[in-house]
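Working through the structure, step by step
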Amino acid sequence: MKTDLTDTTSSKINKALVLGRRAIGTPAVGMVLTLVIVTDEENAYDALKAANEASREHPSRTLVVIKRVSRSPRDRANTRLDAEVRLGADAGSGETVVLRLYGEVVDHAQSVVLPLLLPDAPVVVWWPVNAPTDPANDPLGALAQRRVTDTYAAEQPIQELTARADTYTPGDTDLSWTRITPWRSMLAAALDQVHCEVTSADVEGEEFNPSVELLAMWLAERLKVPVRRSTSAGPGLTSVRLETSAGPIVLDRPDGSLATLSIEGQPDRAVALKRRETAELIAEELRRLDPDDTYAASLKFGLERLDDEAGVTAPAPEEPAAEAPAEPEEPAEPESAGSGAEPAKKAPAKKAPAKKAAAK
């Protein structure tokens, strides 16, 4: 059931929702949350389709906020709100309201959305494209307990990751992080099978894919080892190689569908690791509405600390630096050259270069 409302208000939209539920015979509200999608006309269809599919697992009231661009000063002076109310089979397992904002009301979208939120239910705001730099301080983002962005859709994804780290607020998340959940699960399960110590890692994927950087930062932050980021033709993530004391562990997915897990001393295993659709990613994010501390720690690790710097913690180089004055003892070596003390004095001389290398 669809109801079109032209030049309307939030109050009239609420009345249309009540009348629509009565008309289709479902007066009771069974939604568990409110999903607010902020997008443009170009991406509205795909975003709404993904939300409808995700509503099968999470029945919700979906509010699609489309900010229309006015091309002339006269159009910008005319403030108008058009709405399309969808119920029943046209709205998946919940309710859908498509809001099109014109004129000055574009800058006050929160005043339109606030009366339409479900009472006593969590709110999730999702920006498929054109996400704000600081989602928590956005007028619409301030209404939500969970704020979902997608740096993969940004014009400069890697720079966007750095901006997200600077403005992170508990409740923020990224679909680029959600995409690597199967990779993180598989790598953690592989390390549980082998008693070893990881010495380094290499993450390979297509260029300008923020999921590759997030997986590399997750490995570096959790394992405290150097992690190198390599570029491949894709699609997406293609390979992760962990160098361990028991031999290499390799998870390779060249075709974006089927991966091969190789562990030293064990036969290779085929693993289903297909690239997931947006509906699956949104459904996963709606399963948990509490802050994702693991994502926060990985995001704040910093791209600049990857490679060799990833394996060096801040306190480690400071303690051995205090022992540097031991170098003046070197001139005393010729005096004891004839005695048997020479091997005893060469031991500290060899340690000093190792400490300097660790501090680099």
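I will try to describe carefully the structure that is included in this document. All values reported here derive from a predicted model rather than from experimental measurement.

1. Looking at the pairing of strand E7 (residues 146–149)
- Along E7, one buried face is formed by Arg146 and Val148 and the opposite face, lined by Arg147 and Thr149, is buried too.
- The sheet contact formed by strand E6 (residues 123–126) and E7 spans three bridges and is parallel. Residue pairing in the sheet places Val125 in a bridge with Arg147 of E7.
- Examined bridge by bridge, E7 and strand E8 (residues 172–174) share three bridges and lie parallel to one another. In the sheet register, Arg147 faces E8, and the bridge partner there is Asp172.
- Where the polypeptide runs from E7 across helix H5 (residues 157–166) and back to E8, its parallel neighbour, the crossover connection is right-handed.

2. Focus: the sheet that holds strand E4 (residues 80–86)
- Pairing within the open sheet is mixed, and its eight strands lie in the order E1-E4-E5-E3-E2-E6-E7-E8. Across the chains shown, the open sheet's two edge strands, defined by having one partner strand only, are strand E1 (2–5) and E8. Ignoring which end each strand starts from, the neighbouring axes of this sheet average 15° apart.
- As defined by bridge partners, strand E3 (residues 60–67) adjoins strand E5 (residues 95–102) across seven bridges and the pair is classed as parallel.

3. Some words on the layout of surface pockets
- By volume, the largest pocket amounts to about 590 Å³.
- As for the largest pocket, its lining consists of 30 residues, and the residues nearest its centre are Arg179, Arg276, Glu277, Thr278 and Leu281.
- Contributing elements (two or more residues each) for the lining of the largest pocket: helix H2 (41–54), helix H7 (181–192) and helix H9 (278–287).
- Of all the elements, H2 adds the most residues to the lining of the largest pocket, at six residues.
- Considering only residue class, the lining of the largest pocket consists of 15 nonpolar, five polar and 10 charged.

Reading guide: rules and limits
Residues numbered from 1 in each chain as written. Predicted model: local features only at pLDDT ≥ 70, side-chain atom pairs only at ≥ 80, totals over all residues. Heavy atoms only, no water. Buried < 20%, exposed > 50% of the residue type's maximum accessible area, 1.4 Å probe, protein only. Helix = DSSP H or I, 4+ residues; strand = E, 2+ residues; numbered from the N terminus. Pairing = 2+ DSSP bridges. Right-handed = clockwise from strand over helix to strand, strands pointing away. Axes fitted to C-alpha atoms, helices over the stretch in contact; angles between N-to-C directions. 1 Å grid on protein atoms, 1.4 Å probe; cavity = no way out; pocket = protein on both sides within 12 Å on 5 of 7 lines; lining within 4 Å. Points joined across faces, edges and corners; volume = space filled by probe spheres on them. Nonpolar A, V, L, I, M, F, W, Y, C, P; charged D, E, K, R; others polar.

Functional significance is not addressed by these values, which are geometric in nature.
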